[in-house]
Amino acid sequence: MHRGFLAMHAQTLKKWRERNHFSLEDLASVLGVRPEVLLEWENGKRRQPYSLGLVLEEIESKGRRWASEKLKDKVGFLDNLIAEVEDGSRP
């Protein structure tokens with residue numbers, strides 16, 4: 001069950017990334033965005049996607065190894081994961 005966070009505070013995103021041992025570049029790659037975009041999300045200079053919290057929760061629950069495997073399939077990863085989370089096909 002989801003803990004219910006969708007949007008997250010910019011500093012929370014950075015703390016999440018650091019707590020889960022992702023470099024800026026690695027997490028950006030997993031999410032399918034440029035590192036500059038992720039940095040702007042972390043600094044509050046750009047609005048985060050609405051479902052980013054759910055996506056990060058999924059990454060956290062599956063583990064770093066799972067997310068690292070997704071680096072190989074990064075085209076459309078974020079869009080596909082958001083769609084799966086929102087339509088309920090992900091637990």
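Peer 1: Can you help me understand the packing of aromatic side chains in this one?
Peer 2: Each aromatic ring pair is described using two quantities: the centre-to-centre distance and the angle formed by the ring planes. Overall, the coordinates contain one aromatic pair when judged by the stated rule. With 5.8 Å between their ring centres and 15 degrees between their planes, W16 and F22 make a pair best called stacked. What makes W16 buried here is its relative accessible area of 2%. Note on F22: relative accessible area 6%, which makes it buried.

Peer 1: Can you walk me through the confidence of the model for the chain in this structure?
Peer 2: Reading predicted coordinates in detail is not appropriate for stretches of low pLDDT. Residue-level pLDDT values for the chain average 77, and 68% of them are 70 or greater. Helix α3 (residues 35-43) holds the highest mean pLDDT among the elements of the chain, 94, whereas helix α6 (residues 77-87) holds the lowest, 64. Taken together, the stretch residues 1-5 has pLDDT below 50 and engages in twelve contacts with residues farther than four places along the chain or on a different chain.

Peer 1: How should the packing of helix α2 (residues 24-31) against helix α4 (residues 52-62) be read in this particular structure?
Peer 2: When two helices pack together, their arrangement is given by the angle between the helix axes and by the axis-to-axis distance. For the pair α2 and α4, the least separation of the axes is 12 Å and the interaxial angle reads 105 degrees. The angle between α2 and α4 places the two elements in the roughly perpendicular class. Here α2 contributes L27, V30 and L31 to the contact with α4, which in turn contributes L52, V55, L56 and I59. Partitioning the contact of α2 with α4 into residue classes produces seven nonpolar, no polar and no charged.

Peer 1: Quick question: what am I supposed to make of the packing of α2 against α3 here?
Peer 2: It is the contact of α2 with α3, at a shortest axis distance of 8 Å, that shows an interaxial angle of 105 degrees. Taken together, the axes of α2 and α3 lie roughly perpendicular to each other. Along the contact surface, α2 presents L24, E25, L27, A28 and L31, while α3 presents P35, L38, L39, W41 and E42. For the contact of α2 with α3, the residue count by class is eight nonpolar, no polar and two charged.

Peer 1: I tried to follow α3 on my own but got confused; where do I start?
Peer 2: For an α-helix the count is 3.6 residues per turn, leaving residues at separations of three or four pointing the same way. Of the residues making up α3, those classed as buried are V37, L38, W41 and E42. Looking straight down α3, one finds that the buried residues subtend no more than 140 degrees of arc, so they occupy a single side. If you follow the buried residues of α3, they end up packed against α1 (10-19), α2 and α4. Of the residues trailing α3, G44 is marked for its positive phi of about 75 degrees.

Each value, and the rule that gives it
Residue indices follow the written sequence of each chain, beginning from 1 at its first position. Residues qualify for local features only when their pLDDT is at least 70, as the model is predicted, and side-chain atom pairs are given and counted only at 80 or more; totals for whole chains, interfaces and linings, by contrast, use all residues. Note: side-chain values were computed over all heavy atoms of the structure, leaving out hydrogens and water. Working definition: rings of Phe, Tyr and Trp (its six-membered ring) pair if their centres are within 6.5 Å, and the pair is stacked with planes under 30 degrees apart, edge-to-face with planes over 60 apart, and tilted otherwise. Here the term buried applies to any residue with accessible area under 20% of the maximum for its type, exposed to any over 50%, and partly exposed to those in between, with areas from a 1.4 Å probe on protein chains only. Looking at any residue, its pLDDT shows the predictor's confidence there, from 0 to 100. Secondary structure is summarised from DSSP: a helix means a run of H or I of at least four residues, a strand means a run of E of at least two, and numbering begins at the N terminus for each. Any two residues having at least one pair of non-hydrogen atoms within 4.5 Å are treated as being in contact. Axis lines are fitted through C-alpha atoms, for helices just across the contact stretch, and the angle between N-to-C directions can take any value from 0 to 180 degrees. Note on angle classes: values under 35 degrees are labelled roughly parallel, values over 145 roughly antiparallel, values of 65 to 115 roughly perpendicular, and the remainder oblique. When residues are sorted by character, Ala, Val, Leu, Ile, Met, Phe, Trp, Tyr, Cys and Pro go into the nonpolar class, Asp, Glu, Lys and Arg into the charged class, and all the rest, Gly among them, into the polar class. Directions pointing from the helix axis toward each C-beta atom define the arc.

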